[in-house]
Amino acid sequence: MTALRSIDVSKVFEDGFTALADINLSVDPGEFVTLLGPSGCGKTTLLKIFAGFYAPTTGRVEQNGADVTSAPPEKRDTAMCFQSYALFPHLTVAENIEFGPKQNRVDRDERLDRLNELLRQVDLERHREKLPNKLSGGQQQRVALARALAMRPSVVLFDEPLSNLDAKLREQVRREIRGLQRKFGFTAIYVTHDQSEALAMSDRVVVMSGGKVEQIGAPEEVYQRPETAFVADFIGSANLLPFDRVDDHVVETPLGRLTVSNRPDPNARFICWRPEDAEFGVSEGGNIVTSDISERAYQGAYTDLHISVAGAPDQRLHWPGGASCVGQSATFRLPPERIRFVRGEIA
Amino acid sequence: MVSLADSGATVAPKKPTRRAGALNRFLMIVLMTIVAIWLIVPFSMAVLWSLVDPETGWNYPDLLPPSLTHLRWVEVWTTTALPQAIANSYMLAPTVAVVTLILASPTAYCFARYDFAGKGLAQLATLLPLVVPGFVLAIFFSSLIFSLGIYSRFLSILMAHCVLFLPYAIRIMTVSFGQVRQDLIDAARDLGASPLAVFRAAYMPALLPGILASLIIVFIQSIEEFAIAFIVGAPNFTTIPSILYSYLGYNFIRPNAAVVSLILVVPNVLLMLGLERLLKSANPAQTGVKG
Amino acid sequence: MRWRRTLLILALLTPGLGVILLMIGSVFYVAVMQSFGYYNLVGEDSFSLEHWEKVLGSKQFSRSLSYSAYIAVVAAIGSVILAYPIAIWLRRPFRGSLAISAVLKAPLFVPGLVASFLFLNVIAFHGVVNQFLMWIGITDEPIRMQNDRGAWGVVFLQLWKNMPFALLLLTGAVQSISDEVLDAARDLGAGSFARFRKVIAPLTVQAMQAALIIIFIGAAGDFAFQVTAGPTNVQSMAQYMVFLKDSFGRWNQAAVVGVSLMILALFGSLILAFISSVVLKSGNKW
Ligand SMILES: Nc1ncnc2c1ncn2[C@@H]1O[C@H](COP(=O)(O)OP(=O)(O)O)[C@@H](O)[C@H]1O
Ligand SMILES: [Mg+2]
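Residues numbered from 1 in each chain as written. Chains lettered and ligands numbered in written order. Predicted model: local features only at pLDDT ≥ 70, side-chain atom pairs only at ≥ 80, totals over all residues. Heavy atoms only, no water.

Some remarks on the domain arrangement of chain B
All names here are of chain B.
Then comes step 1: Per the domain assignment, the segments of chain B are domain 1 (18-71) and domain 2 (81-280).
Then comes step 2: The straight-line distance from the C-alpha centre of domain 1 to that of domain 2 is 32 Å.
Then comes step 3: Across the boundary between the two partners, domain 1 contributes five residues, which contact six residues of domain 2.
Then comes step 4: For the pair domain 1 and domain 2, the two sides together bury roughly 500 Å², of which 87% comes from carbon and sulfur.
Then comes step 5: Per-residue buried area on domain 1 facing domain 2 is highest for Phe 43, Trp 49 and Ser 50; these three make up 75% of the total on that side.
Then comes step 6: Across the contact surface, domain 1 and domain 2 share zero salt bridges.
Then comes step 7: Residue composition of the side of domain 1 that touches domain 2, by class: four nonpolar, one polar and no charged. (Domains from an automatic or database assignment. Contact = heavy atoms within 4.5 Å. Buried area = accessible area lost by both parts, 1.4 Å probe. Salt bridge = Lys/Arg side-chain N within 4 Å of Asp/Glu carboxyl O. Nonpolar A, V, L, I, M, F, W, Y, C, P; charged D, E, K, R; others polar.)

This is the structure we're talking about:
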């Protein structure tokens, strides 16, 4: 059985704007699923449909096999962590955490057990009587998390929970969230526009763009085998090249004639390769490319090289050494198995 | 009315609500109907009563007056003390507005630009005139001026009105002084401006809307004020509300009361609308980078 | 340097705050002294409790006091109760919401005497309301709404004039609650009434208390509505005070009523504000 499922869900706002179109997504119990996409692509809208704040214009939402499409948020077994934390400013940390259980008439002992356990989990025991505005951003985030978990929800919905934290803290809270999820075993749907967050945390990533699902897959899958130009470009960086099919194993591209080990998809518009796919120091065999370097940027672990050829401006590759050892031109090999075919448009 | 200064400066409009559905539309229609009855019926009755023909009158069970004429207006104007009352009110109110502004500004400047112990209490104390019941203030103020031997009615009412409306002016001007940007003052001084030039460059643009708002609000309040004008002014110095009271009290003359009501309320409504415009148009000019 | 700064601040405060304190203070002083037999316009000044005894002992006084207190409580609580749902309804702007709130707030700008007059026409014995009620057959006889014994006319006028003020304060407070906080409450299982009791009310309690206090004081000291539309068998405090002063110049007794009115306004409004916060806090305990 699926923990949460959307069937042909679409959302058209009153002003006629279509924020979501035909979203089909099944989430397994205990799974950690990320909704990844640029700002404005409809992630929050989908999350709010799962939480019950918005009714989908068409389609259904099921939770544990039961149709919950028209259940209001207060009746759903989901808990949401808001981007702004949305803590109740007039209630203390403990009162905030107890809000949900009190609403749901959980008995007193059980409530206090949950409170104490959660306060320990998120390391806020010393702050239980404080008001939210006396806490740091990271602490407020943890109160929001504890408040959601106090409901013992089977699904927790996160809306960019880390976007207001600085980089260091973000990584720490990210690990805490994963730890809590493993401990409590809830199903998580996690919205972010940060691809590294999505890759690091998720069991599966749902890449969205313009209100549509582009690709669903494990982090390795969406990174290594992007299906569309959008996914390839949004996750990591990718070089996209138009191509002409010569036969099942050879394509003609602006970089020359390349051998590929994947069969060209009939709908594919581009070939895609990643900067780190380039192999240096090999001059034998096929797929050797030589090009003038137009720009270089030292990044520490590697040097970012930009090459430009007719029909393919600004291709990027990672040279594993320092900037000073690079000459005027680069010669490298593209392994045939690393060349992917992708559908869709270049943004 | 206390927070008019704030309401003028309300937040930028949010996105339309997502729940603006059939319910809202229904509620709105119901409410609009109620409100139309709420405002439109009373005001049209007042207009009709002011136009009733003295010959035929307007008696039960006629739904509308049988004939209308402007004679009432002429009659009230020529046979009562109304012209004198209008002259008094419209002489008093602008004076009150200007004097109140002058008295309020230093205190407002102090509240906006200095921090000191007891500031909260001091700001609360400026609200005192609003919490003393008007007639208590009026009666014992009149008793006070008797014992001080002040016999000018105009001067007495002027003093009382200034104190009574200082809270509004102080509040509005405090907000305005708070909007003067220190970086503009610093920039002007850095560029070698004289104090007058600094005032014109940095203070004036931020203060102007507040000054106008304060003048208009105090003006309106002073025109409308009844307790002090009646107790202190009666019977020699009449203002428009006192005249209206004389037609409403023991000596109820409905058509005359209608005329005076309209004379009292219409200019104020127009001024109020003007003020709203003013505050709306003045605001965007104020917004700049914070900090 | 410190004392120079202090001096500057005092100098700046003098024309505004200073004038207010001086004037309100002396008016208060005169009222209190007169109630104890000083500041007589004619006759000797001497301390006496006679005026207090006379006024407090009169039946008219206790009727006035309880009548004014009653009107003030009803006006304050009624205005807030009417204004809350409207403020919550108008929290998020929608098409036409600005027009609605402008129209609702219009009575703020209608002077009290004019408001009285407008409604006297509407609720008069042969006024529109009565004619309408008779036309649809609710009553056969016109109902007495002006100068009625139950003071419904005055209560109505008070609500008409004061609800917009409560609305002004509450709208600001309600609008400053973020959408996400209310969404969070919903998500945690709070229905609409629970959201009001546990989130909206506690977060707007200060605005509500300000509205209660100011409306209470204004209504307790009402003169215009009472004189024009109030019951004739009882006087409001302000009316009683003016009556005492005007009939035989009983200034000292008027002063007693005036001081009592101030005490009523001060303590009544504070008690009301206190009770309201206690009621709201009890809502938080579940
Ligand atoms: N209530 C609304 N009415 C109209 N359009 C909306 C509404 N809420 C969101 N949108 C639009 O829908 C799109 C998706 O919004 P959202 O789901 O918040 O995106 P994000 O992926 O950044 O979370 C945006 O273009 C936004 O402007
Ligand atoms: Mg979002």
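Still more to cover.
A look at the packing of helix α8 (residues 179-187) of chain C against helix α9 (residues 192-203) of chain C
Helix-helix packing is described using two parameters, namely the angle between the two axes and the distance between the axes.
Residues and elements named next belong to chain C.
Then comes step 1: Between α8 and α9, whose axes approach to 11 Å, the crossing angle comes to 140°. What the angle tells us is that α8 and α9 run oblique. Considering how the two elements wind past one another, α8 and α9 form a crossing that is right-handed. The segment α8 lies against α9, with Val 181, Leu 182, Ala 185 and Arg 186 engaging Arg 195, Val 199 and Ile 200.
Then comes step 2: Across the contact of α8 with α9, the residue classes break down as five nonpolar, no polar and two charged. (Axes fitted to C-alpha atoms, helices over the stretch in contact; angles between N-to-C directions. Helix = DSSP H or I, 4+ residues; strand = E, 2+ residues; numbered from the N terminus. Parallel < 35°, antiparallel > 145°, perpendicular 65-115°, else oblique. Left-handed = near helix turned anticlockwise from the far one by under 90°.)

Details of the nonpolar core
For soluble globular proteins, the rule of thumb is that nonpolar side chains tend to be buried together.
Then comes step 1: Phe135(B), Phe140(B) and Leu104(C) are the most contacted members of the largest nonpolar core, which totals 203 residues.
Then comes step 2: Top element by residues in this core is helix α7 (residues 152-175) of chain C. It accounts for 13 residues.
Then comes step 3: Other than its neighbours up to four places away in sequence, Phe135(B) contacts Phe226(B), Ala227(B), Phe230(B), Ile231(B), Phe223(C), Ala238(C), Met241(C) and Val242(C).
Then comes step 4: If you look at the next biggest cluster of nonpolar residues, it comprises 32 residues, including Ile97(A), Leu115(A), Val173(A) and Ala188(A). (Core = buried A, V, L, I, M, F, W, Y, C linked by side-chain atoms within 4.5 Å. Buried < 20%, exposed > 50% of the residue type's maximum accessible area, 1.4 Å probe, protein only.)

Structural notes on the site of ligand 1
Then comes step 1: Among the 13 residues in the neighbourhood of ligand 1, the closest are listed as Gly40(A), Gly42(A), Lys43(A), Thr44(A) and Thr45(A).
Then comes step 2: Site remark: ligand 1 is flanked by residues from chains A and B.
Then comes step 3: One of the backbone nitrogen or oxygen atoms of Lys43(A) is found 2.9 Å away from an oxygen atom of ligand 1.
Then comes step 4: Contact with the protein chains covers 75% of the free accessible surface of ligand 1, which is 560 Å².
Then comes step 5: Of the residues in the shell around ligand 1, the class split is five nonpolar, five polar and three charged. (Near = heavy atom within 4 Å. Polar contact = N/O pair within 3.5 Å; in protein donor to acceptor, adjacent residues only side chain to side chain. Areas by Shrake-Rupley, 256 points an atom, 1.4 Å probe, with all protein chains shown as cover.)

Re unusual backbone geometry
Then comes step 1: Located in the positive-phi region is Arg105(A), a residue other than glycine, with phi close to 55°.
Then comes step 2: Inspection of the secondary structure puts Arg105(A) in the loop between α2 (93-103) and α3 (108-121).
Then comes step 3: Taking relative accessible area as the criterion, Arg105(A) reaches 72% and is therefore assigned exposed.
Then comes step 4: Positive phi is not limited to glycine here, since Phe248(C) has a value of about 65°.
Then comes step 5: For Phe248(C), the location among the structural elements is in the loop between α12 (237-246) and α13 (251-284).
Then comes step 6: Judged by its relative accessible area of 78%, Phe248(C) is exposed.

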